[in-house]
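Here is how the chains run, residue by residue.
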Amino acid sequence: MGIPTRLVILGKQGAGKGTQAIRLSQHYEVPRISTGDMFRMFVKERDSEIGRRAKKYMEAGDLVPDEVVNEMVRERLTELDAADHGFVMEGFPRNVAQAEALDAMLDPHPVDLVIELDVPTGVVLKRLAGRRVCSVCGLNYSVDAPPQVDWTCDACGGAVVQREDDTEVVISRRLHQYDEQTAPLVAWYLATDRLAAVDGEGEPDTVTGRLLRAIENRLARR
């Protein structure tokens, strides 16, 4: 068996990370691992000690500490789909300490490539302000691509609504926080020659093509 393909995708909220992570996971036949997936798995689907610890912070409105998130990631990466084949990671790492922890988990074969999906702030502001989400299953829509019938989810029939925090003021604050937190992480991966910035504007198929070219160039050097 060859070395698994291990990818991380970074980007502002609204940059299209989720869509592209799913496409990449399907292309390379590896699992998509996101912080959302992990929290659902450990907090809701499993009666686990890690989940109970994370839930305590979440219910208090606090950020889940790095050591708890790292423990979730470490356990998830031991499962056979990720251990044998690799992954597309979305939402982790969020800082240099988490990136260092991830490398330690994956030793001796660290992340192959970290992709920064680059979309201008003005574009993601417009995307997020127009975003709508199913209140039941969480499927995303937009004012430009609504569900087929009267803002009712195509998948489950739930009401499709605007999230309370999808206002321009809140979105701008989140984007500023992302820039502050992620700049050192981007610099760290750049210094280790594992970062590729990819233009995230355009149709999803076009962006996917750019991502695949960047990844294949990296894997060819492995």
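Everything here concerns the structure above.
Right, let's walk through the structure included here. Here the structure is a predicted model, which means the values were calculated and not measured. Per chain, residues are indexed from 1 in the order of the written sequence. Selection of residues for local features in this predicted model requires a pLDDT of at least 70, selection of side-chain atom pairs for listing and counting requires 80 or more, and totals for whole chains, interfaces and linings are taken over all residues. The side-chain quantities take in all heavy atoms of the structure and omit both hydrogens and water.

The next subject is the pairing of strand S3 (residues 86-90). For the exposure calls, accessible area comes from a 1.4 Å probe over protein chains only, and a residue counts as buried if that area is under 20% of its type's maximum, exposed if over 50%, partly exposed in between. A run of H or I in DSSP becomes a helix once it reaches four residues, and a run of E becomes a strand once it reaches two; helices and strands are each numbered from the N terminus. With five of five residues buried, S3 is to be regarded as a mostly interior element. Judged by which residues are buried, S3 turns out to be covered on both faces: Gly 86, Val 88 and Glu 90 on one side and Phe 87 and Met 89 on the other are all buried. With five bridges joining them, strand S1 (residues 5-11) and S3 adopt parallel strand pairing. Residue pairing for S3: Ile 9 is matched across the bridge by Glu 90. We call two strands paired when DSSP finds no fewer than two bridges between them. Here three bridges tie strand S2 (residues 32-34) to S3, and the two strands are oriented parallel to one another. Note on S3: the bridge partner recorded for Ile 33 is Met 89.

So, about helix H6 (residues 96-106). Where H6 is concerned, the buried positions are Gln 98, Ala 99, Ala 101, Leu 102 and Leu 106. Angular distribution of buried residues about the axis of H6 spans 160°; they occupy a single face of the element. In what follows, residue pairs with any heavy atoms lying within 4.5 Å of each other are defined as contacts. Contact partners of the buried residues in H6: S1, helix H4 (66-77), S3 and helix H8 (168-191). This arc is built from the directions going out from the helix axis to the C-beta atoms.

Turning our attention to H4. The terminal C-alpha atoms of H4 lie 16 Å apart, and with twelve residues this matches the ideal 16 Å at 1.5 Å per residue to within 8%. Of the positions making up H4, those classed as buried are Val 68, Val 69, Asn 70, Met 72, Val 73, Arg 76 and Leu 77. Expected helix span is given by 1.5 Å per residue-to-residue step, counting one fewer step than there are residues.

Moving on, we come to the packing of helix H7 (residues 121-129) against H8. Here the axes come from fitting lines to C-alpha atoms, over the contacting stretch only for helices, and the angles between their N-to-C directions go from 0 to 180 degrees. Interhelical geometry of H7 versus H8 gives an angle of 135° and a closest axis separation of 10 Å. When the interaxial angle is binned, H7 and H8 end up oblique. Helix-helix and strand crossings are classified by hand; for H7 and H8 the assignment is right-handed. Of the residues in H8, those in contact with Thr 121, Val 124, Leu 125, Leu 128 and Ala 129 of H7 are Glu 168, Ile 171, Ser 172, Arg 174 and Leu 175. Note on residue categories: nonpolar means Ala, Val, Leu, Ile, Met, Phe, Trp, Tyr, Cys or Pro, charged means Asp, Glu, Lys or Arg, and polar means any other residue, Gly included. Taken together, the residues of the contact of H7 with H8 break down into six nonpolar, two polar and two charged. Working definition: roughly parallel below 35 degrees, roughly antiparallel above 145 degrees, roughly perpendicular at 65 to 115 degrees, and oblique for all remaining angles. Handedness of a helix crossing follows the sense of rotation of the near helix relative to the far helix, less than a right angle counterclockwise being left-handed and clockwise being right-handed.

Let us look at the environment of Ala 99. Tracing the backbone shows Ala 99 in helix H6. On the accessibility criterion, Ala 99 (0% relative accessible area) is buried. Note: C-alpha distance between Ala 99 and Asn 70 (29 residues apart in sequence) is 9.7 Å. In contact with Ala 99, other than residues within four places in its own chain, are Pro 93, Leu 185, Trp 188 and Tyr 189.

All right, on to the state of the cysteines then. Here, the term disulfide refers to a pair of cysteine sulfur atoms separated by no more than 2.5 Å. Taken as a whole, this structure holds zero disulfides when the rule is applied. Left without a disulfide partner, Cys 137 is nearest to the cysteine sulfur of Cys 134, which lies 3.7 Å away. Given a relative accessible area of 41%, Cys 137 falls into the partly exposed group.

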